[in-house]
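# Observations on the three-dimensional arrangement
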Amino acid sequence: MSAALLIKHLVKQFGTGKPAVDDVNFEVPAGEIVVLLGPSGCGKTTTLRCVAGLEHPTGGRISIGGRVVSEPQRGVLVSPRERDIGMVFQSYAVWPHMTVRQNVAYPLKHRRSGGGDIDAKVRETLELVGLGEYADRSATLLSGGQMQRVALARSLVYRPQLLLLDEPLSNLDAKLRIRLRDELRRILKATGMTGLYVTHDQAEAVVLGDRIGVMRNGKLLQMAPPGEIYNRPADSFVANFTGASNFLLGKVLERKGETVTIDLGAPGRIEAWTPQSLAAGDTARVALRAENIRLGERGPVNAFTGKVVDRRYQGMQTVYDVEFGGQKLEVLELGTAARHQPGEVALTLPPDTCWAYRDEGQAAVE
Ligand SMILES: Nc1ncnc2c1ncn2[C@@H]1O[C@H](COP(=O)(O)OP(=O)(O)O)[C@@H](O)[C@H]1O
Ligand SMILES: [Mg+2]
């Protein structure tokens with residue numbers, strides 16, 4: 001039975017200095033997949049290892065299926081093997097001296113669960129991960145992608161109440177990574193398993209996650225469905241990490257609800273959305289995704305004139321460098337035709353796609 005995971009005020013501190021995990025709070029409802037996304041060193045693996053029981057948290061509470069498995073303040077710490085968790089890592093944890101079938105059957109035999117229907121469970125799980133025809137092959141004869149499927153099958157076969165995955169696709173080549181990524185979502189959803197998945201790859205996070213949690217420096221910055229992370233990023237780091245590469249500097253003129261009017265200087269005024277407490281007089285950075293800027297269009301709001309100074313045709317898309325009142329914009333046009341020439345160009349920045357944040361300097365963006 002898959003179970004909900006609840007994490008409250010989780011802190012993990014190694015030695016002195018800044019905690020690796022710093023007051024993290026989130027929930028994974030039963031059957032849902034949550035992806036923790038963030039740059040290397042932000043605390044993803046440490047969070048996962050705390051859930052697994054491989055790391056001893058410094059503070060906070062972790063519950064799985066309503067049972068508290070870790071709460072240092074009350075001296076609660078359930079051992080990893082009593083947590084009923086499946087784990088898949090970046091490295092292929094496959095026994096080379098066994099066949100595929102033996103690898104997958106091992107956890108069942110080890111647990112002495114299921115008795116007679118071990119064969120049926122193994123067969124069913126191998127089918128699920130697409131290895132039905134490889135059951136009797138020696139594990140040493142498998143490709144990286146197949147080995148990772150074996151590792152996955154071995155974690156799924158005993159139906160743990162929670163599955164933890166730490167960058168399981170990182171060692172695969174690009175093409176295979178994309179294929180297995182798409183398939184992984186199907187497999188996990190077919191089992192109805194609760195999953196916590198960790199990655200630094202935004203594309204992986206979007207495809208796999210019912211919700212994505214973006215982490216930075218041990219903090220969880222935002223937890224939301226992929227569409228919300230991509231269209232309503234909570235701060236400039238989330239915007240930038242998920243691909244908003246343009247930032248325009250300006251001054252807030254006025255605010256109405258979540259809409260702010262910003263003076264960009266030479267180009268004039270722009271309307272933008274903000275999730276933050278920006279007020280008139282504040283300096284703001286407006287984040288924009290390259291693919292959300294409309295070249296050659298004069299919309300009803302936020303319409304300007306810019307100048308194409310360079311364009312790079314990439315076959316399926318074209319990247320334009322556009323000069324815009326002393327600031328620079330990168331614009332992406334999808335499609336196999338490059339429609340705009342160097343020189344003057346109309347451009348529209350749809351207000352819904354302009355996100356204003358407090359100016360915390362370049363460091364906030366990296
Ligand atoms: N066993 C450890 N001892 C000391 N510091 C650690 C240990 N494990 C991780 N860290 C530190 O904790 C921080 C978070 O690491 P980690 O959770 O592995 O990040 P991520 O998985 O996001 O790349 C890093 O600064 C890392 O150096
Ligand atoms: Mg890691």
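You'll find the structure just up there.
What you see is a predicted model, and the numbers here were worked out from it, not measured in a lab.

## Comments concerning the environment of Asn-25
Within the element layout of this structure, Asn-25 appears in strand E2 (residues 21–28). The exposure class of Asn-25 is partly exposed, given its relative accessible area of 31%. The spatial distance from the C-alpha of Asn-25 to the C-alpha of Gly-86 is 22 Å, given a sequence separation of 61 residues. When sequence neighbours within four positions are dropped, the list of residues in contact with Asn-25 reads Ile-7, Lys-8, His-9 and Leu-220. Here the side chain of Asn-25 touches His-9 through a polar contact of 2.7 Å, landing on its backbone nitrogen.

## Section: helix H4 (residues 144–156)
End to end, H4 covers 18 Å across 13 residues, agreeing with the expected 18 Å (1.5 Å per residue, within 8%). Where burial is concerned, most of H4 is hidden: 11 out of the 13 residues are buried. For H4, the complete set of buried residues consists of Gly-145, Gln-146, Gln-148, Arg-149, Val-150, Ala-151, Leu-152, Ala-153, Arg-154, Ser-155 and Leu-156. Tucked into the core, H4 has its buried residues touching strand E7 (85–88), helix H2 (100–111), helix H3 (118–128), strand E8 (162–166) and helix H5 (174–191).

## Comments concerning the sheet that holds E2
Taken in spatial order, the five strands line up as E2-E1-E4-E5-E6 in an open sheet, and their pairing is antiparallel. Edge positions in the sheet fall to E2 and strand E6 (76–77), since each of these pairs with one other strand and no more. With five bridges connecting them, strand E1 (residues 5–12) and strand E4 (residues 59–64) associate as antiparallel partners. Bridging across to E4, Val-11 finds its partner in Gly-59. Against the sheet, helix H1 (residues 44–52) contacts E1, E2 and E4, and its axis sits at roughly 120° relative to E1.

## Here we look at the site of ligand 1
In the neighbourhood of ligand 1, the contacting residues comprise Phe-14, Ala-20, Pro-39, Ser-40, Gly-41, Cys-42, Gly-43, Lys-44, Thr-45 and Thr-46. Within the contact set of ligand 1, an oxygen atom lies 3.1 Å away from a backbone nitrogen or oxygen of Gly-43. Between ligand 1 and Thr-46 there is a distance of 2.5 Å, counted from an oxygen atom to a side-chain nitrogen or oxygen. Relative to its unbound accessible surface of 560 Å², ligand 1 loses 54% to contact with the protein. Grouping the constituent residues of the shell around ligand 1 by class yields four nonpolar, five polar and one charged.

## Things to note about the packing of H4 against H5
Where H4 meets H5, the axes come as close as 12 Å, and the angle between the chain directions of the two elements is 15°. The pairing of H4 with H5 is recorded here as roughly parallel in orientation. Of the two possible hands of crossing, H4 and H5 adopt the one that is right-handed. On H5, the residues that touch Gly-145, Gln-148, Arg-149, Leu-152 and Leu-156 of H4 are Leu-176, Arg-179, Leu-180, Glu-183, Leu-184, Ile-187, Leu-188 and Thr-191. Its residues assigned to classes, the contact of H4 with H5 shows seven nonpolar, three polar and three charged.

## Focus on the side chain of Glu-183
Considering the arrangement of structural elements, one finds Glu-183 in helix H5. For Glu-183, a relative accessible area of 17% corresponds to the buried category.

Calculation notes
Residues numbered from 1 in each chain as written. Chains lettered and ligands numbered in written order. Predicted model: local features only at pLDDT ≥ 70, side-chain atom pairs only at ≥ 80, totals over all residues. Heavy atoms only, no water. Helix = DSSP H or I, 4+ residues; strand = E, 2+ residues; numbered from the N terminus. Buried < 20%, exposed > 50% of the residue type's maximum accessible area, 1.4 Å probe, protein only. Contact = heavy atoms within 4.5 Å. Polar contact = N/O pair within 3.5 Å; in protein donor to acceptor, adjacent residues only side chain to side chain. Expected span 1.5 Å × (residues − 1). Pairing = 2+ DSSP bridges. Axes fitted to C-alpha atoms, helices over the stretch in contact; angles between N-to-C directions. Near = heavy atom within 4 Å. Areas by Shrake-Rupley, 256 points an atom, 1.4 Å probe, with all protein chains shown as cover. Nonpolar A, V, L, I, M, F, W, Y, C, P; charged D, E, K, R; others polar. Parallel < 35°, antiparallel > 145°, perpendicular 65-115°, else oblique. Left-handed = near helix turned anticlockwise from the far one by under 90°.

Just distances and angles here, no functional claims.
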